[in-house]
Structures are given as C-alpha cells and as structure tokens.
Amino acid sequence: MQMRAILERLIAFDTVSSRPNRALIDWVRDLLAGAGIESVLIPDEGGGKANLYATVGPEGAGVMLSGHTDVVPVEGQLWTRPPFALTEEAGRLYGRGTTDMKGFVACAIAAMLEAAQRPLKTPLHLALSYDEEVGCLGVGSLIDLLEGAPVRPAMCIVGEPTGMMVATGHKGKIALRATCTGREGHSALAPLALNALHLGADFLTALRGLQARLAESGLRDGDYDVPYTTVHVGKMNGGVQVNIVPNACVLDFEIRSLAEEDTAALINEMRALAEGIVAPLRAEFPEADIVVERLWDYPGLGTASDAGVVNFVKALTGANGTIKVAYGTEGGMFAQRLGIPTVICGPGSMAQGHKPDEFIAVEQLARCEAMLGALLDWLEVGL
C-alpha cells in the first residue's frame, strides 16, 4: 500500500485526544499483518485507546520510528476544507494531523511494509502512541514494555515535524495547579471576606515576576527561539456570580524548562511565593491558602550534537547541522527512561500544526520517504 493511500486512511480516523484511537490502531495492525508483520498492542484501561509496537527483520536492537496517533481538536476553528478527509491542492495535502503527525506515521508504516520485502540484517521497529497531545500520557505503557524487553532499540527517530532537519533537543514540561482558598461573603461587604480570585491574581503576578527573572538572568540556550526556561499561566477559574466574594480559585500553569534547569528548586520557590502571599492573612482568615501541586510532566531531550544517532540521521537526510525545537515529544522519555539515543526528524513544519486548514507539502513527504528508503538500505547492510 502506497504512503499516500495510507495517509488518506489515517486522516479519516477522528483521533482527537479526547476520543478513542483504537479503530486506527486496529487498522494499522491488520495492514501490517497482511505483510506478515506481527504487532503488540498495549491498550489503556478502558480498551478504547492503545499503543502499537511492531518489528520487521531479525532479533536485535535496530532502529525505532516513533509517532503519535492523536490530533488536536478542530472545534472553534474556521476550516475551509474537511478536516478528516485528505484534500490535495497546489502541492499541499490538507487535513487534521497531516503535519502533526500522521504524515510521518504514514511514511513509517509504508517503510515497515517495504522492509518486510527486504532481507534486513538489522531490525526496524515502529512505535505508535496515543494521548501525546495532552502531555505524552499514553506512551508510558509502551515504555514499560520496552523497559522489560531483553533488547532495546539502539536508536530512535521521533518523526515530529522539523522540515526534515535533525533536532537534538527540546525543553521539558511540568504542568502544575495552584488552588487558592479564601472566604466567601456578600459583595456589599467584600472587604470583610477574602477574595480567592485576588489571591490567584497575586500569585499570577508573582509568577510573572519569576518569569521576568528567568528571562533576564536565568540559564540560556541560544539554540532555542526562546532561549530560557518559561513559566506560563494558561487557565484561571473562580467565582460563582458577581455579588458573591469567591472562596476558591484555581490556576493551571506550566514550566517549560531547559535541560539544565533545577525545576525542583523552581517549584519550591513558587510554593514560597504562595506562602508569602497568604501568611500575612491567616491571623484574620485562618483558612487562607495557596496549594501548588504537580499534575504531570515529561522530560526534555538533550542529545549531544556529535552523538552516533545524530551523525547517522544527518547522513540519511544529507543535513549539515542540527536544530532544537520548541515543542515537547516522547523523545525525552525514550532517552531518559530507556537510555535510547534519540533525535527528532520528520516532514512538515509545526507552523502549520494545530491550525485550521492544517497541511503538509508533498515535497516534505517525498523527502521523508527518501530518508526512510536510505534507512532501509542501511538496515539491509547492517548497522
């Protein structure tokens, strides 16, 4: 089955992260099985979602191609083309996930099918995960599987969109929540109550001050567009109606950290800032509090620019240099938890991802196919 036909089928599956991906995974499993390739499925507790891991070739370490099958929502976006149908216009293929990242997944599946027809001396592995878009939450069970395997892949290519450049790093992410507790009251007597939204606003201001310090005097890595660790508040909820002083407020925020950043120290500083806000209020309002909790996280990726996997993938693509990317991937988890040398290299640009009328250039897919064809040539010879 040709890559274009595979991509068309993948786009037709509505695999927004809030919905099951099992129909897509079952279709991929059956397609691979038709070529004699066995797959291992790792379902979630409900069975509606699953990871897939498949291998072609002899036993051994080999090379792993990794991608996620979920996509971001289309609701609220003004699409001029059907998001879950592939549309080709002027050298572009439109549809949700074409760039992020079913374009690469289609190329990887096509490479697996071709690999099954070749006398490989080194194996090729395919890892497909779910719930990457909501924090790399699904890939953990796949990593657990590989952690217990007798042999792990020797290297990994995560096919997130890089314009087919070789990316060696990305920042880590920690999602956090601050729960602010005040005292409710009638708004006509507002000064006699403790407004939790005000506590939240004070904490948000403190976080902005921390961000300003990180930007001015924190660690730097000039390979990133934003060369320092960032703190970002993405959501603030509280209150019932305007004539009630709210007793609760919740802020959801994140840290996107450079690999060298001491994030534990940053979180301790945030908790100290929170305590500094509420401590003076407790004499009058003993319940006053701001509790900072860690929700989930994934590590950054920091592969050395002269690592073997970097030089190998550069040779496959013809690239001269390397880059680092702003977004996160499962690559840091493969590197840190499993010790698998990892790079990010895939077709398309994230500038087209997560937007209405998402597209990938046909030329980018051709370059990805060429890279994977060169990889298969190497696997025939043996790494």
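Above this text is the structure in question.
Right, let's walk through the structure included here.

Definitions and limits used
Residues numbered from 1 in each chain as written. Predicted model: local features only at pLDDT ≥ 70, side-chain atom pairs only at ≥ 80, totals over all residues. Heavy atoms only, no water. Axes fitted to C-alpha atoms, helices over the stretch in contact; angles between N-to-C directions. Helix = DSSP H or I, 4+ residues; strand = E, 2+ residues; numbered from the N terminus. Parallel < 35°, antiparallel > 145°, perpendicular 65-115°, else oblique. Left-handed = near helix turned anticlockwise from the far one by under 90°. Contact = heavy atoms within 4.5 Å. Nonpolar A, V, L, I, M, F, W, Y, C, P; charged D, E, K, R; others polar. Buried < 20%, exposed > 50% of the residue type's maximum accessible area, 1.4 Å probe, protein only.

**Considerations on the packing of helix H1 (residues 3-12) against helix H3 (residues 98-115)**
Thinking step 1. Viewed as axis vectors pointing N to C, H1 and H3 meet at an angle of 135°, and their least axial separation amounts to 9 Å. Between H1 and H3, the angle is such that the two are oblique. Once H1 is placed against H3, the crossing between them reads as right-handed. Residues Met3, Ile6, Leu7, Leu10 and Ile11 of H1 pack against Thr98, Lys102, Gly103, Val105, Ala106, Cys107, Ile109, Ala110 and Leu113 of H3.
Thinking step 2. Grouping the amino acids of the contact of H1 with H3 by side-chain chemistry returns 11 nonpolar, 2 polar and 1 charged.

**Comments concerning unusual backbone geometry**
The bulk of non-glycine residues show a negative phi, and the bulk of peptide bonds are trans.
Thinking step 1. The peptide bond linking Asp100 to Met101 adopts the cis configuration, its omega dihedral lying at -10°.
Thinking step 2. The topology assignment puts Met101 in helix H3.
Thinking step 3. For His354, which is not a glycine, the phi torsion comes out positive at approximately 65°.
Thinking step 4. Here His354 is to be found in the loop between strand S17 (342-344) and strand S18 (359-361).
Thinking step 5. Here the phi dihedral of Asp357 falls at roughly 55°; this positive angle occurs in a residue that is not glycine.
Thinking step 6. As for its position among the elements, Asp357 is in the loop between S17 and S18.
Thinking step 7. On the basis of relative accessibility, which here comes to 15%, the residue Asp357 falls in the buried class.

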